[in-house]
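An overview of the molecular structure
Listed below, chain by chain, are the residues.
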Amino acid sequence: MAVKEFEKPELKEYSDVPLLEKKATAHLAPFKSKEEFQSSLGYPGELVDNWQDAALDKMGDLLKKYRSLRVYLDSCIQCGACTDKCHYYLGTKDPSNMPVGRQNLLRSVYRRYFTLPGKYFPKLVGAVDLTKEVLDDWYSYYHQCSQCRRCAVFCPMGIDTAEISMAAREIMDSVGVGQKYCNEIIGKVHKIGNNLGLPEPALADTLEGLEEDVKDEIDIDVKYPLDQKDSDILLVTPSADFFAEPHVDGLIGYGKVFHQAGLSWTLSSHASEAANFGMFIGSYANMRKLAMRIREAALDLNVKRIVFGECGHAWRVAYSFLNTLAGPFDFLDPKYPVPQHICEVTYDLIQKNVLQFDKSANDDMVVTYHDSCNVARASNMGDVIGGQFTIPRDIIRATTNHFYDMDESTIKEKTFCCGGGGGLLTDDLMELRMKGALPRMEALKRVVDDYGVTHMAAICAICKSQFSKALGYYGFEIDQIISLHQLVGNALIMNKKEL
Amino acid sequence: MSLVTIIYGSLFYFATLILFAGIAYRIYEYATIPAPLKIPTPPAPKTKRGVAVRLFREVVFFESLFHSAKWTWLFGWLFHFALLLAFFRHLRYATDPVWFWVSWEIVQAAGHYAAYMMLLGLLGLLVRRIFVDRVRHISAPSDYLILFLIIGIALSGLLMKWYPTDIFALKQFILGLIYFNWSELPSDFMLLLHLGLVLLLMIIFPYSKLLHAPGLFFSPTRNQTDTARDSRHIADWARKLES
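Residues numbered from 1 in each chain as written. Chains lettered and ligands numbered in written order. Predicted model: local features only at pLDDT ≥ 70, side-chain atom pairs only at ≥ 80, totals over all residues.

1. So, the overall build of chain B
Secondary structure assignment for chain B yields 12 helices and 0 strands. The order of helices and strands in chain B, counted from the N terminus, is α-α-α-α-α-α-α-α-α-α-α-α. Overall size of chain B, expressed as C-alpha extent along the three principal axes, is 65 × 40 × 40 Å. Looking at chain B as a whole, 31% of its 243 residues qualify as buried. Relative to all contacts within chain B whose residues are 6 or more apart in sequence, the contacts with residues 24 or more apart total 73%. (Helix = DSSP H or I, 4+ residues; strand = E, 2+ residues; numbered from the N terminus. Buried ≥ 20, exposed ≤ 12 C-beta atoms within 10 Å, placed from the backbone. Contact = placed C-beta atoms within 7 Å.)

Have a look at this one:
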């Protein structure tokens, strides 16, 4: 799809908070999901006749199921602390992209129908009727939230806009207004097993090709096994890892780590996708159905551990939700947390001196690290607080000689989203994606200028895909984004055992 | 018994009922709605004790707000802390004999100067609401009115220094309400204004954004432990999906 021309934001040396421009991105809305994809997910195919009542019923239902939604709709003080925290606001200047502005789209309707003052004094408390215009605003602006939770970190009440945008998407889906990108993808996973719709034979073929490539390069038979029963480890990784640069370099790296550590592992064609887009649309039922594939694969392949590859929101669903959605995992080896992140595996092996590195193999790169939002703000690694920040950095330091962090206000729990998360990584939202990438690009530019940084490592398929576009858009090279396990794979000394 | 006494006395009972029953009901609602997923934000504690420490820091120091918006933090914290000090000072009107620590000079003096601090904080918040374009954009009439209401309470309270009332009679009135043995309320304008605004605040509390006070304790991003992998966290309605 051709992207409409839009004004390109300027990369400034120091980011500033723009003055607001009302409705600046009201025109941005992703393509709507067609009937067949809606119905396969259990939603109506088009806007239902009594959609107002149905939407309010759904809202009432969610208010009883999610404490977060209820407490967050009640508790906002409208203090404004979040107003300059969202990358989409900073990039688009649209006040409905301020976290509180986005929340208020739903909150004003909640107040109108579910609170006493809103019923009797709507104007006083900013309550509004649920009209078609409001529904259209919901569709636009709840698809301009990447659910990255940066606002939730800064909010004095801990209000998480992601919870509200997930609820809004679930309400819209339930009245027949769904987003094409997410719902088509979820349909593909339900049917085939992964986001790319890659069936088992194609997957086997791809992995075989990968083995040949690695053999050609380092003359060692590193295996990338598929559906190998009784393996110790089931690796669940985003399907992007099977295909595109720079993702596939990460997968090559995981394989090298397993090979060198002598671990038996396998991929699964049934659970050939780590990503769980059910979270993006706020659908517990769909999220659970997707997560169950992983449980089924683990049982079927009789593995002892589950390890996830580099994928941000997949790791959120894995770390924070998998035990809830598809647990208990009492059939797995209790010595290991369920599930584990590939970075935890690699880090542990480094600590045990199982892996040795020749850092000079990465000397052509000066590296910085992008904390992916869902890893940074919705999960952890290891068993210490903040492990999700230290473990990836420790791996980078173990595998490279040149590492510099970006500005403190843009990393770790304060990290900026890449601009493509939360189900927005679709061409029909390209303007939003490019504008939303602005804060990260500005932070990157500073370390490029100050330290000569050449590459940015990430551990998220969405981040990697998004940056492949955004880097080019802002005048960098698109191959400056790399997988963290590419660094590992490059520097790993593979012949140690033979020595 | 004067009409003013009857009206204010009745309103006090009414407002107290709304405030306490209203907040109790909200807390009941918040406590009984399940949080089906683990969503704590970093740095997320691993233990309940850690959660208690985290909430203590949020409630006492407004830690997240400090990292987020320094001016809002400064004015907001000044206001809330002044409110606490003023509350302590006012306990002398409702305790008999006056609790020993309430009668301490430092508690009384701090409570007095707190009025200035409170006004400073509130005016700061008001100025921010009016002049920062992002905050002005999100402000509903009720956001200004609540600020004006509390400014009115602070100002009328402070002005009683220059428009004094019979505080002995006032205390008899308050104690009379507590022990169901009513006595006359002095009918000085500034006192009636001050009490009237406080009553209004009590009544709107459970129906307004003032619910942020109980809400913070039920915020899953702040009150959950980071233990998703260690033990299975599941809501009753979600468990039903499994059968």
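2. With respect to the sheet that holds strand β7 (residues 481-483) of chain A
Residue and element names in this part refer to chain A. Here we have 3 strands laid out as an open sheet, ordered β5-β6-β7, and parallel in their pairing. Strands with a single pairing partner mark the edges of an open sheet, and in this sheet they are β5 (367-369) and β7. Each strand of the sheet is rotated relative to its neighbour by a mean of 40°, with strand direction disregarded. Strand direction decides the pairing type here: β5 and strand β6 (residues 455-458), joined by 3 bridges, are parallel. Bridge pairing in β6 places Thr368 opposite Met456. (Pairing = 2+ DSSP bridges. Axes fitted to C-alpha atoms, helices over the stretch in contact; angles between N-to-C directions.)

3. Side note on the domain arrangement of chain A
Residues and elements named next belong to chain A. If you check the domain split of chain A, you get domain 1 (35-178) and domain 2 (187-498). Placing a centre on the C-alpha atoms of domain 1 and another on those of domain 2 gives a separation of 31 Å. With 23 residues of domain 1 at the contact, the number on the domain 2 side is 24 residues. Among the secondary structure elements, those contributing two or more residues to the side of domain 1 that touches domain 2 are α1 (35-40), α4 (87-92), α8 (150-154) and α9 (161-174). (Domains from an automatic or database assignment.)

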